Amino acid sequence: NVTGPFTFELVGVDMSGDDASAQVTQGYITQVKKPVELNFKSYTEALEDPGEFMLSDFAKFDRPPVLHLAYRALAAYLEEHGEFPNPGDVTQANAVLDNAKALDKDNMLEGKERIVMHLASGYKAI
C-alpha cells in the first residue's frame, strides 16, 4: 500500500512483536515507473506559435519572445545570405533587424531594436 511519494507499507506483514527479525525489516525494493506519454508541437508549428516561454530572469520577463523573434530573424538572414552577419557590421545587423520587423506581427519589437542589433552584430563571434 502506497502511503506517500517515497513511502509504502506491506499489507499482511506484522512488524510488531518478536518475529520482526533483521530479515523482515530489510530487503531490496525495485521501483517501477509507469510510462507517461507526452505530445509536442512539430518544429514548424513551434516556430510560428511557441506558446509559453520559460522565464529565467523575472526582471526581464518580456525578453524571451523578443529573443525568439531575433533568432528567427537570424535564421532568415542565414537562409538569404548563406552565412551569419559579421561581427560589428552595422549594415548586416540592420538587415537582420529588417527581417525581425517583417516577422514581428504583435509589434513586440518596438523600443527593443537594440537587442536584435546586439545579437546580430556579435552572433558570429560567439
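Residues numbered from 1 in each chain as written. Predicted model: local features only at pLDDT ≥ 70, side-chain atom pairs only at ≥ 80, totals over all residues. Heavy atoms only, no water.

Colleague: Help me understand the pattern of salt bridges, please; the structure alone is not making it clear to me.
Modeller: Oppositely charged side chains can form a pair if their charged atoms are brought close together. Within the structure shown, the criterion is met by 5 salt bridges. Across the salt bridge formed by Lys124 and Glu83, the nearest N and O atoms sit 3.3 Å from each other. One end of the pair, Lys124, is in the segment after α5 (113–122); the other, Glu83, is in the loop between α3 (63–81) and α4 (90–103), and 41 residues separate them in sequence. The exposure class of Lys124 is partly exposed, given its relative accessible area of 36%. (Salt bridge = Lys/Arg side-chain N within 4 Å of Asp/Glu carboxyl O. Helix = DSSP H or I, 4+ residues; strand = E, 2+ residues; numbered from the N terminus. Buried < 20%, exposed > 50% of the residue type's maximum accessible area, 1.4 Å probe, protein only.)

Colleague: Teacher, can you tell me more about the nonpolar core here?
Modeller: Soluble globular proteins: nonpolar side chains tend toward being buried together. Counting residues in each nonpolar core, the largest one holds 15 residues, and the members touching the most others are Val96, Ala100, Leu109 and Val116. Residue assignment for this core shows that the elements contributing at least two residues are α3, α4 and α5. (Core = buried A, V, L, I, M, F, W, Y, C linked by side-chain atoms within 4.5 Å.)

Colleague: Could you clarify how one ought to interpret a nonpolar patch on the surface in this entry?
Modeller: A contiguous nonpolar surface patch, about 450 Å² in accessible area, is contributed by Val2, Phe8, Leu10 and Ile29. Position of Phe8 among the secondary structure elements: in the segment before α1 (22–25). In this structure Phe8 comes out as partly exposed when scored by relative accessible area, which is 44%. (Patch = residues over 30% accessible without salt bridge, like charges linked within 9 Å, V, L, I, M, F, W, Y side chains within 5 Å. Areas by Shrake-Rupley, 256 points an atom, 1.4 Å probe, with all protein chains shown as cover.)

Colleague: What exactly am I supposed to notice about the packing of aromatic side chains here?
Modeller: How two aromatic rings sit relative to each other is given by the distance of their centres and the angle of their planes. One pass over the full model with this rule turns up 2 aromatic pairs. Ring centres of Tyr71 and Tyr123 lie 6.1 Å apart, and the angle between their planes is 75°; this geometry places the pair in the edge-to-face category. In this pair, Tyr71 is assigned in helix α3 and Tyr123 in the segment after α5, connecting sequence segments 52 residues apart. With relative accessibility at 42%, the residue Tyr71 sits in the partly exposed group. What makes Tyr123 partly exposed here is its relative accessible area of 25%. Each residue in the set Tyr71, Phe84 and Tyr123 is aromatic and connected to the rest through ring pairs, giving one cluster. (Phe/Tyr/Trp six-rings, centres within 6.5 Å; stacked < 30°, edge-to-face > 60°.)

Colleague: Please clarify how unusual backbone geometry should be interpreted in this entry.
Modeller: Where the residue is not glycine, phi is negative for most of them; where a peptide bond is considered, it is trans in most cases. Residues other than glycine seldom take positive phi values, yet Asn107 does so here, at roughly 55°. Residue placement: Asn107 occurs in the loop between α4 and α5.

Colleague: Sorry, what's going on with the packing of α3 against α4 here?
Modeller: When two helices pack together, their arrangement is given by the angle between the helix axes and the distance between those axes. At a minimum axis distance of 8 Å, the contact between α3 and α4 shows a crossing angle of 120°. Two packed elements cross with a definite hand, and for α3 against α4 that hand is right-handed. Within the contact between the two elements, α3 uses Leu69, Arg72, Ala73, Leu74, Ala76, Tyr77 and Glu80 and α4 uses Gln92, Ala95, Val96, Asn99, Ala100 and Leu103. Of the residues assigned to the contact of α3 with α4, the class counts are 9 nonpolar, 2 polar and 2 charged. (Axes fitted to C-alpha atoms, helices over the stretch in contact; angles between N-to-C directions. Left-handed = near helix turned anticlockwise from the far one by under 90°. Contact = heavy atoms within 4.5 Å. Nonpolar A, V, L, I, M, F, W, Y, C, P; charged D, E, K, R; others polar.)

Colleague: Just to check I follow, could you spell out the side chain of Gln92 for this structure?
Modeller: Relative to the helices and strands, Gln92 is located in helix α4. A polar atom in the side chain of Gln92 sits 2.5 Å from the backbone nitrogen of Asn86. (Polar contact = N/O pair within 3.5 Å; in protein donor to acceptor, adjacent residues only side chain to side chain.)

Colleague: Is there a simple way to think about α3 in this case?
Modeller: In an α-helix, one full turn covers 3.6 residues, which means residues spaced three or four apart are oriented alike. Its 19 residues place the ends of α3 27 Å apart at the C-alpha level, agreeing with the 27 Å of an ideal helix rising 1.5 Å per residue. Listed as buried for α3 are Pro64, Val66, Leu69, Ala70, Arg72, Ala73, Leu74 and Tyr77. Buried positions along α3 lie against α2 (43–48), α4 and α5. The positive-phi residue at the C-terminal boundary of α3 is Gly82, with phi of around 85°. (Expected span 1.5 Å × (residues − 1).)

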